[in-house]
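# Reading the structure
Below, each chain spelled out in residue letters.
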Amino acid sequence: ENMFRRHEGKGEGISPVLWWIVYFVVALWAQELSGGFDFLAPGLLVCLQIGQWWSLIWMTWFVIFMQEGMGDLVFGSSLLFYAGMYLAFLFSRWLLEPRNPFFILFFSLLLSVWHWLVLSGAVQFQEIPVRMPAPWNWILRQWLFYGIFWGGAFWAYRRWVRRGYI
């Protein structure tokens, strides 16, 4: 059996539950090693691309509580970030097909800028005496991480995960 072929049937491939457990472990590990760059949002974007709305809803709450619990910012910055991400996705998918690699690149850049704005706004709002890194350097690195991780996760999900909801 070719392990790289796209799985179509319900009985073939990796269980969606196993896929998301492995995804979140790898994403949290990458987030820790990268110094705090976001690797969780691409998983939620994969749910948006494939149209698994119920999975998206419960995973969004899981990610928000995880992000809010790990961070030092006031509660709500993750909620604001993900709400903006979903609205931007729903509006920008009319420009390009969400499964198109150009959409992934374009939206990753948009999402990186939005992430910077939310983070810097939350830091200023709380008056945290922290020196924020230069915005364009941070945005470019986050864009690179989003694009590679999101594109890789979308490709892997379509190749190896059997269809069905979690």
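Fair warning: this is a prediction, and the values are worked out from it, not measured in the lab.

Counting secondary structure elements, the chain contains six helices and zero strands. The order of α-helices and β-strands along the chain, N terminus first, is α-α-α-α-α-α. Taking all 166 residues of the chain together, the buried fraction comes to 40%. Approximately 9400 Å² of the chain is accessible, and the part contributed by carbon and sulfur atoms is 70%.

With that settled, consider the nonpolar core. If you look at the biggest cluster of nonpolar residues, it comprises 41 residues, and the most contacted ones within it are Trp20, Tyr82, Met85 and Trp150. Taken together, the elements giving at least two residues each to this core come down to helix 1 (16-33), helix 2 (41-50), helix 3 (53-70), helix 4 (77-92), helix 5 (101-126) and helix 6 (135-160). Those residues in contact with Tyr82 that sit more than four places away from it in its chain are Asp38, Leu40, Ala41, Leu44, Val63, Ile64 and Gln67.

Our focus in this paragraph is the environment of Phe154. Checked against the element boundaries, Phe154 lands in helix 6. Each C-alpha atom, one on Phe154 and one on Gly43, is 8.2 Å from the other, the two residues being 111 residues apart in sequence. Once you skip the residues sitting within four places of it in the chain, Phe154 turns out to touch Val46, Gln49, Ile50 and Arg99.

Tracing the sequence through the fold places Ser92 in helix 4. Of the polar contacts made by the side chain of Ser92, one reaches the backbone oxygen of Ala88; its length is 2.7 Å. Setting aside residues up to four positions removed in sequence, Ser92 forms contacts with Phe103, Phe106 and Phe107.

Side chains of Ile14, Leu18, Val22, Val26, Trp29 and Leu33 sit close together on the surface and give an oily, nonpolar patch of about 570 Å² of accessible area. For Val26, a relative accessible area of 36% corresponds to the partly exposed category.

Here the focus is the confidence of the model for the chain. With 83% of its residues at a pLDDT of at least 70, the chain reaches an overall mean of 83. Predicted confidence is poor over residues 1-9, with pLDDT under 50, and the contacts of this stretch with residues over four places away or in other chains come to 20 contacts.

We now examine helix 4. Given a rise of 1.5 Å per residue, 16 residues ought to cover 22 Å, and the 22 Å separating the end C-alpha atoms of helix 4 matches this to within 8%. Restricting attention to buried positions, one finds in helix 4 the residues Ser77, Ser78, Phe81, Tyr82, Gly84, Met85, Tyr86, Phe89 and Ser92.

Under the defined criterion, the tally for this structure stands at 24 aromatic pairs. With a centroid separation of 5.7 Å and an interplanar angle of 85°, the aromatic rings of Phe89 and Phe107 are classed as edge-to-face. Placement of Phe89 in helix 4 and of Phe107 in helix 5 is noted, with a sequence separation of 18 residues between them.

Once that is clear, we can look at the environment of Val123. Looking at the secondary structure, you find Val123 in helix 5. The exposure class assigned to Val123 is buried, which follows from its relative accessible area of 10%. In this structure, the C-alpha to C-alpha distance between Val123 and Ser77, residues 46 residues apart in sequence, is 9.8 Å.

What counts, and where the lines are drawn
Residues numbered from 1 in each chain as written. Predicted model: local features only at pLDDT ≥ 70, side-chain atom pairs only at ≥ 80, totals over all residues. Heavy atoms only, no water. Helix = DSSP H or I, 4+ residues; strand = E, 2+ residues; numbered from the N terminus. Buried < 20%, exposed > 50% of the residue type's maximum accessible area, 1.4 Å probe, protein only. Areas by Shrake-Rupley, 256 points an atom, 1.4 Å probe, with all protein chains shown as cover. Core = buried A, V, L, I, M, F, W, Y, C linked by side-chain atoms within 4.5 Å. Contact = heavy atoms within 4.5 Å. Polar contact = N/O pair within 3.5 Å; in protein donor to acceptor, adjacent residues only side chain to side chain. Patch = residues over 30% accessible without salt bridge, like charges linked within 9 Å, V, L, I, M, F, W, Y side chains within 5 Å. Salt bridge = Lys/Arg side-chain N within 4 Å of Asp/Glu carboxyl O. pLDDT = per-residue confidence, 0-100. Expected span 1.5 Å × (residues − 1). Phe/Tyr/Trp six-rings, centres within 6.5 Å; stacked < 30°, edge-to-face > 60°.

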